Amino acid sequence: MIRQHLDLIAVAGVGAGLAMYDLTIDLVFSVAHFLFEMLHLAFEWFELGIEHAVEHTFHTTRHGSQIITFYILLALGGSALYALWKALPLIRRRLQQALMNAWVRRKTEASFIGNR
């Protein structure tokens, strides 16, 4: 039921967001700030784990393990960006097809209602 009318729910949400723009902006910024803080804490935890693993495995100094950790994270980030770059055309095609399907479905429903 909800999946069938997801496009109407999205339009209603955008309409409500435009009608109550001040509350919407405050809510969006609050949620974005919370998500950014959680992402930052997760990144720091991940980085510290790599740093300690490098330090204990290779018996390096703190500065040396920080440099090695930086290049490991740089390689991981580059790999993630490359994978995203390769996946973006597929994501765009799927989103475009979903929007076209919703448009055709709503247009067909409207034409049947108008013919009654």
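Fair warning: this is a prediction, and the values are worked out from it, not measured in the lab.

Enquirer: Account for unusual backbone geometry, naming residues and giving values.
Expert: One non-glycine residue, His59, lies in the positive phi region at around 55 degrees. Following the sequence through the fold, His59 ends up in the loop between helix 2 (21–58) and helix 3 (62–114). Relative accessible area serves as the criterion here: at 70%, His59 is assigned to the exposed category.

Enquirer: Quick rundown of the packing of aromatic side chains? Include the residues and the values.
Expert: In the structure shown here, the tally under the stated rule is one aromatic pair. Centroid distance Phe70 to Tyr71: 5.1 Å. Interplanar angle 70 degrees. Geometry classified as edge-to-face. Owing to a relative accessible area of 48%, Phe70 belongs among the partly exposed residues under this scheme.

Criteria and cut-off values
Residues numbered from 1 in each chain as written. Predicted model: local features only at pLDDT ≥ 70, side-chain atom pairs only at ≥ 80, totals over all residues. Heavy atoms only, no water. Helix = DSSP H or I, 4+ residues; strand = E, 2+ residues; numbered from the N terminus. Buried < 20%, exposed > 50% of the residue type's maximum accessible area, 1.4 Å probe, protein only. Phe/Tyr/Trp six-rings, centres within 6.5 Å; stacked < 30°, edge-to-face > 60°.

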